Amino acid sequence: MKNIKLYGFFIGAALLTSCASSKNFGYDGKGFKEAYNSITAEELKTNLYVIAGDDMEGRDTGSAGQKKAGVYMIEQYKKNGIGFPAALGSYYQKVPSEAMKKYGETLPDSENIMAYIEGSEKPNEVIVISGHYDHVGMKNGEVYNGADDDGSGTVAVMEIAQAFQEAKKKGYGPKRSILFLHVTGEEHGLFGSEYYSDHPVFPLANTVADLNIDMIGRDDPENRGKQYVYVIGSEMLSTELKKINEEANKKSVNLELNYKYDDPKDPQRLYYRSDHYNFAKHNIPVAFFFDGIHEDYHKPTDTPDKIDYPLLQKRTQLVFTTAWELANRPERIVVDGKNTR
């Protein structure tokens, strides 16, 4: 996550089971269950030990280590038979150095990485699942591994993509399209997501929602040992999105959903500090999943051995469950709120 120093209750069952006109798309159906259960702590751990390994040199924007991590991610997508947007022509969207000069830094050219599963019934409507794969690199010869920030989100996006692909292979592909978006330059200024929102591969008007995952592998001191996740922004632009996420949680992992930071006026300003904001500013509903600021945040001690992998699995399954409903319900969610800049 970018380090910035400034700055009713009951809903009818139809809301979350509306996609169950075909029972296999409901939460009790075979299609959902098999995909959901394919998300494992073991696979998340295997990928994270690579993504956040010392040889990735902290994945600074445009660095050789970040590019190496990107190659590994693409290899996994190819292995699982998950392609890229045809309009893009590859998994890469180049983000030029010139687009990342807002704060006076000179950064190398870099890339957003995108995988894509086309929808079976409403392919022009797109759900985005995002996470940044850059971190802060090396300082004084020491690797800042960024296992939680945002290696955890990176591998979660990959695992969710694999789950949707497994469902597709068995005839339960998502009805709407899903873009798995790994953005660059987040730590330097949300540059990759800003570049995507300025140069979208799919029209922003057709983008139903962005589920953004930035740090979901640890706990913070306030919630030590709890089964929780912070959810930020989920009702800012769509009251339906918050309800869908809450019902998805009840139907799956039943985590404590903490809304402490779900206020644009919160002193931490977390609503503005990760990549979802570059969708929200275009009035696209967002939900940001986050574990809080812990003692290893932006330190070389943010390493893969400190990740709570069972909790990472549960949080990943929650995002998948929410995305499943967004992708398969008959109508796209309404935009009935106002963005707060």
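Residues numbered from 1 in each chain as written. Predicted model: local features only at pLDDT ≥ 70, side-chain atom pairs only at ≥ 80, totals over all residues. Heavy atoms only, no water.

## What about the overall build of the protein?
Line of reasoning, step 1. Looking only at helices and strands, the protein features 10 helices and 10 strands.
Line of reasoning, step 2. For the protein, the C-alpha radius of gyration of 18 Å lies close to 20 Å, the compact-globule estimate for 341 residues.
Line of reasoning, step 3. In terms of overall dimensions, the protein has C-alpha extents of about 55 × 45 × 35 Å along its principal axes.
Line of reasoning, step 4. Counting across all 341 residues of the protein, residues that qualify as buried make up 63%.
Line of reasoning, step 5. For the protein, the exposed surface amounts to about 13000 Å²; the carbon and sulfur share of it is 49%. (Helix = DSSP H or I, 4+ residues; strand = E, 2+ residues; numbered from the N terminus. Rg over C-alpha atoms; globule rule 2.2 N^0.38 Å. Buried < 20%, exposed > 50% of the residue type's maximum accessible area, 1.4 Å probe, protein only. Areas by Shrake-Rupley, 256 points an atom, 1.4 Å probe, with all protein chains shown as cover.)

## Let's talk about the confidence of the model for the protein
Line of reasoning, step 1. Per-residue confidence for the protein gives a mean pLDDT of 93, with 92% of residues at or over 70.
Line of reasoning, step 2. Counted against residues more than four places away or in other chains, residues 4–21, with its pLDDT under 50, gives 30 contacts. (pLDDT = per-residue confidence, 0-100. Contact = heavy atoms within 4.5 Å.)

## Things to note about the sheet that holds strand 3 (residues 122–132)
Line of reasoning, step 1. Sheet architecture is open: 8 strands sit in the order 1-2-6-3-7-10-8-9, paired in mixed fashion. Edge positions in the open sheet fall to strand 1 (92–95) and strand 9 (256–258), since each of these has one partner strand only. The mean inter-strand angle of the sheet, taken between neighbouring strand axes irrespective of direction, is 25 degrees.
Line of reasoning, step 2. Judged from the 5 bridges that link them, strand 2 (residues 110–117) and strand 6 (residues 176–183) form a sheet pairing that is antiparallel. In the sheet register, Met114 faces strand 6, and the bridge partner there is Leu181.
Line of reasoning, step 3. Sheet strands in contact with helix 4 (residues 64–79) are strand 1, strand 2 and strand 6, and its direction is about 10 degrees off that of strand 2. (Pairing = 2+ DSSP bridges. Axes fitted to C-alpha atoms, helices over the stretch in contact; angles between N-to-C directions.)

## Here's the deal with the pairing of strand 7 (residues 207–213)
Line of reasoning, step 1. Among the 7 residues in strand 7, 7 count as buried, and that is most of the element.
Line of reasoning, step 2. In this sheet, strand 7 lies alongside strand 3 in parallel orientation, the contact comprising 5 bridges. Opposite Val128, over in strand 7, you have Asp210 as the bridge partner.
Line of reasoning, step 3. Two elements, strand 7 and strand 10 (residues 286–290), share 4 bridges in a ladder whose sense is parallel. Pairing of Ile213 across the sheet is with Phe289, part of strand 10.

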